[in-house]
Amino acid sequence: MNPQANLIFITSLLLGTTITISSNHWIMAWTGLEINTLAILPLISKSHHPRAIEAATKYFLTQAAASALVLFSSMTNAWHTGQWDITQLTHPTSSLILTSAIAMKLGLVPFHFWFPEVLQGSPLTTGLLLSTIMKLPPITLLYMTSPSLNPTLLTILAILSTALGGWMGLNQTQIRKILAFSSISHLGWMAIIIIYNPKLTLLNFYLYALMTATVFLTLNTIKVLKLSTLMTAWTKIPSLNAMLLLTLLSLAGLPPLTGFLPKWLIIQELTKQDMAPAATLISLLSLLSLFFYLRLAYCTTITLPPHTTNHMKQWRTNKSTSMAIAILTTMSVMLLPISPMILTIV
């Protein structure tokens, strides 16, 4: 893609995200979401492969439907209350429509079908944008409207997302699809706590974005898309593969790594809110995701030749990893000891 065009699309993405995050009026928030959608479409379809075009079409249709629902819920609320302010969403029907619209935007169950397909059809760098930056505006809208949302509906959506995200990721061999189901599972953790402690949702999102960025950039460096190629990629940059193992375990939420922090705090908050059964259930369901992270980790570093995959061995290259990956990897693995400081900042 032309660098100037690329720059325009990336700038538009940042602009759309900023407009939605900083707006008070529903129409401005909707405008930001639309700019975001239109800016990411060329980045998804830039390879001109039929699968990429299909992914862009699916993405456009679902996001357009979700944006229409956002507009519909805000208009319904304005009709009944006379308020266009985002924080004044008080009408129950509007809250329900908005929750389903945001679930569609994020890819929460039962509106999750588009996300793995779109991620599978996109390049790794675009997949990173779809998994992190594109999730921020809808989560911000949920954050701003959290006092008036329906707790039962969100808890059901969250538990279903964690269950299906873990369950459907078990059988995958394509790494981008595994990361898509991992994203759905993490969104379940964010959705369950948004009503009781919205700041924890944001903390969870930031740490999830940090760890996902590390995984995507590492995979982009070693040029790996399938489990079979991941098995032989250890010869390229062995030190990076060893760190990828730790980052995947951090994404799974194992102590003493960074990913354990949000899960620990969310379970603690849920038990404070007398939701111990929900906390137990969501913790048990996260074991499903743990299985496919362990599978990825096993393929990354523990599988050594000879093995049965018919795949060419990779040459070890002297290519050094970028500073960004080094910093992100360190943060993905080592932030748990400074959690008190993180909590004072958030």
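Just so we're clear, the structure is a prediction, and the values are computed from it rather than from any experiment.

## Focus on the nonpolar core
Right, on to step 1. Counting residues in each nonpolar core, the largest one holds 99 residues, and the members touching the most others are I40, Y59, L130, I192, L219 and L230.
Right, on to step 2. Taken domain by domain, the makeup of this core includes at least three residues from each of domain 1 (1-122) and domain 2 (150-345).
Right, on to step 3. Sequence-distant contacts of L219, defined by excluding residues within four places in its chain, comprise L124, I175, L179, V224, L230 and L244.

## Regarding the packing of aromatic side chains
Right, on to step 1. For the structure shown, the criterion picks out five aromatic pairs.
Right, on to step 2. Between the aromatic rings of Y59 and W114, the centroid separation amounts to 5.6 Å while the plane-to-plane angle is 65 degrees, which identifies the pairing as edge-to-face. Of this pair, Y59 sits in helix α3 (residues 50-81) while W114 sits in helix α5 (residues 114-121), and the two are 55 residues apart along the sequence. Residues Y59 and W114 agree in their burial class; the two are buried.
Right, on to step 3. Taken together, the ring pairs in this structure connect Y59, W114 and F115 into an aromatic cluster.
Right, on to step 4. Sitting above the plane of the F115 ring, K135 keeps its charged end 3.6 Å from the centroid.

## Observations regarding the side chain of T155
Right, on to step 1. Along the chain, the position of T155 falls in helix α8 (residues 151-169).
Right, on to step 2. There is a polar contact of 2.7 Å between the side chain of T155 and the backbone oxygen of P151.
Right, on to step 3. Beyond its immediate stretch of four places on either side in the chain, T155 contacts I192, Y196 and M275.

## Considering unusual backbone geometry
Right, on to step 1. Following V109, the chain continues into P110 via a peptide bond in cis, with omega recorded as 5 degrees.
Right, on to step 2. Assignment of secondary structure puts P110 in the loop between α4 (92-106) and α5.
Right, on to step 3. In this structure, the amide linkage connecting P255 to the following residue, P256, adopts the cis form with an omega of 5 degrees.
Right, on to step 4. With respect to the helices and strands, the residue P256 is situated in the loop between α12 (238-252) and α13 (260-272).
Right, on to step 5. Positive phi values are uncommon outside glycine, yet H48 reaches one of about 60 degrees.
Right, on to step 6. Positionally, H48 belongs in the loop between α2 (26-44) and α3.
Right, on to step 7. We classify H48 as exposed; its relative accessible area is 65%.
Right, on to step 8. For K223, which is not a glycine, the phi torsion comes out positive at approximately 55 degrees.
Right, on to step 9. Within the element layout of this structure, K223 appears in the loop between α10 (198-222) and α11 (227-232).
Right, on to step 10. You can call K223 exposed: its relative accessible area is 56%.

## What to know about the domain arrangement of the protein chain
Right, on to step 1. Here the domain parsing of the protein chain yields domain 1 (1-122) and domain 2 (150-345).
Right, on to step 2. Taking only C-alpha atoms into account, the centre of domain 1 sits 24 Å from that of domain 2.
Right, on to step 3. In this assembly, 15 residues from domain 1 lie in contact with 20 residues from domain 2.
Right, on to step 4. In this assembly, domain 1 packs against domain 2 so that about 1,500 Å² is buried in total across both faces, 74% of it on carbon and sulfur atoms.
Right, on to step 5. If you sort the residues of domain 1 by the area they bury against domain 2, L108, V109 and Q120 come out on top, with a joint share of 37%.

What counts, and where the lines are drawn
- Residues numbered from 1 in each chain as written.
- Predicted model: local features only at pLDDT ≥ 70, side-chain atom pairs only at ≥ 80, totals over all residues.
- Heavy atoms only, no water.
- Core = buried A, V, L, I, M, F, W, Y, C linked by side-chain atoms within 4.5 Å.
- Buried < 20%, exposed > 50% of the residue type's maximum accessible area, 1.4 Å probe, protein only.
- Domains from an automatic or database assignment.
- Contact = heavy atoms within 4.5 Å.
- Phe/Tyr/Trp six-rings, centres within 6.5 Å; stacked < 30°, edge-to-face > 60°.
- Helix = DSSP H or I, 4+ residues; strand = E, 2+ residues; numbered from the N terminus.
- Lys NZ or Arg CZ within 6 Å of the ring centre and 35° of its normal.
- Polar contact = N/O pair within 3.5 Å; in protein donor to acceptor, adjacent residues only side chain to side chain.
- Buried area = accessible area lost by both parts, 1.4 Å probe.

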